Amino acid sequence: MEASLLINNRWGRIIVALTLIVIVALFIIGVKEHFGYTPDDTYIYLQYAKNIINGGGISFNNGEQTYGITSPLWLFIISLSGELGID
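Residues numbered from 1 in each chain as written. Predicted model: local features only at pLDDT ≥ 70, side-chain atom pairs only at ≥ 80, totals over all residues. Heavy atoms only, no water.

1. Looking at the overall build of the protein chain
Line of reasoning, step 1. The secondary structure content of the protein chain amounts to four helices and zero strands.
Line of reasoning, step 2. Listed N to C, the secondary structure of the protein chain is α-α-α-α in terms of helices and strands.
Line of reasoning, step 3. Counting only residues that meet the buried cut, the protein chain has 13% of its 87 residues in that class.
Line of reasoning, step 4. Counted over contacts in the protein chain with a minimum sequence separation of 6, partners at least 24 positions apart contribute 34%.
Line of reasoning, step 5. A total of about 7200 Å² of accessible surface is found on the protein chain, and carbon and sulfur atoms cover 65% of it. (Helix = DSSP H or I, 4+ residues; strand = E, 2+ residues; numbered from the N terminus. Buried < 20%, exposed > 50% of the residue type's maximum accessible area, 1.4 Å probe, protein only. Contact = heavy atoms within 4.5 Å. Areas by Shrake-Rupley, 256 points an atom, 1.4 Å probe, with all protein chains shown as cover.)

Following this line, the structure appears as structure tokens:
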């Protein structure tokens with residue numbers, strides 16, 4: 001059955017709507033389990049961003065060599081927002 005026929009059919013629209021509701025509900029339930037703690041990665045990225053903003057370069061401890069991070073894009077986004085004064 002083609003997707004357009006499924007959406008044009010009344011029952012097809014109901015099935016699509018219920019499927020979306022279930023997906024969103026499962027997402028909310030999954031996310032709810034993570035609100036009680038802050039992962040270590042958050043602290044690590046904030047420490048790296050703090051060092052970048054203060055001129056210490058890309059390092060966890062100011063002036064010490066770092067072998068790398070898993071997500072440089074996320075680090076630069078956090079650093080840019082910190083540089084702009086966004087908490």
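2. Focus: the nonpolar core
Line of reasoning, step 1. Judged by nonpolar contacts, Tyr-45, Tyr-48, Ala-49, Leu-75 and Ile-78 together constitute the single largest core of five residues.
Line of reasoning, step 2. Counting only elements with at least two residues in this core, the list comes to α3 (40-53) and α4 (72-83).
Line of reasoning, step 3. Broken down by element, the residue count for this core peaks at three residues, all from α3.
Line of reasoning, step 4. Residues within four places of Tyr-45 in sequence aside, it is in contact with Ile-69, Thr-70, Ser-71, Trp-74, Leu-75 and Ile-78. (Core = buried A, V, L, I, M, F, W, Y, C linked by side-chain atoms within 4.5 Å.)

3. A few points about the packing of aromatic side chains
Line of reasoning, step 1. In the structure shown here, the tally under the stated rule is two aromatic pairs.
Line of reasoning, step 2. Through a chain of ring-to-ring contacts, three or more aromatic side chains come together here, namely Tyr-43, Tyr-48 and Phe-60. (Phe/Tyr/Trp six-rings, centres within 6.5 Å; stacked < 30°, edge-to-face > 60°.)

4. Side note on the packing of α3 against α4
Line of reasoning, step 1. Interhelical geometry of α3 versus α4 gives an angle of 55° and a closest axis separation of 9 Å. One way to sum up the angle between α3 and α4 is to call them oblique. The crossing of α3 and α4 is right-handed. Contacts between α3 and α4 pair Tyr-45, Leu-46, Tyr-48, Ala-49, Ile-52 and Ile-53 from the former with Trp-74, Leu-75, Phe-76, Ile-78, Ser-79, Gly-82 and Glu-83 from the latter.
Line of reasoning, step 2. Residue composition of the contact of α3 with α4, by class: 10 nonpolar, two polar and one charged. (Axes fitted to C-alpha atoms, helices over the stretch in contact; angles between N-to-C directions. Parallel < 35°, antiparallel > 145°, perpendicular 65-115°, else oblique. Left-handed = near helix turned anticlockwise from the far one by under 90°. Nonpolar A, V, L, I, M, F, W, Y, C, P; charged D, E, K, R; others polar.)

5. A few points about a nonpolar patch on the surface
Line of reasoning, step 1. Together, Trp-11, Ile-14, Leu-18 and Ile-21 make up an exposed nonpolar region whose accessible area comes to about 440 Å².
Line of reasoning, step 2. Checked against the element boundaries, Trp-11 lands in helix α2 (residues 10-32). (Patch = residues over 30% accessible without salt bridge, like charges linked within 9 Å, V, L, I, M, F, W, Y side chains within 5 Å. Salt bridge = Lys/Arg side-chain N within 4 Å of Asp/Glu carboxyl O.)

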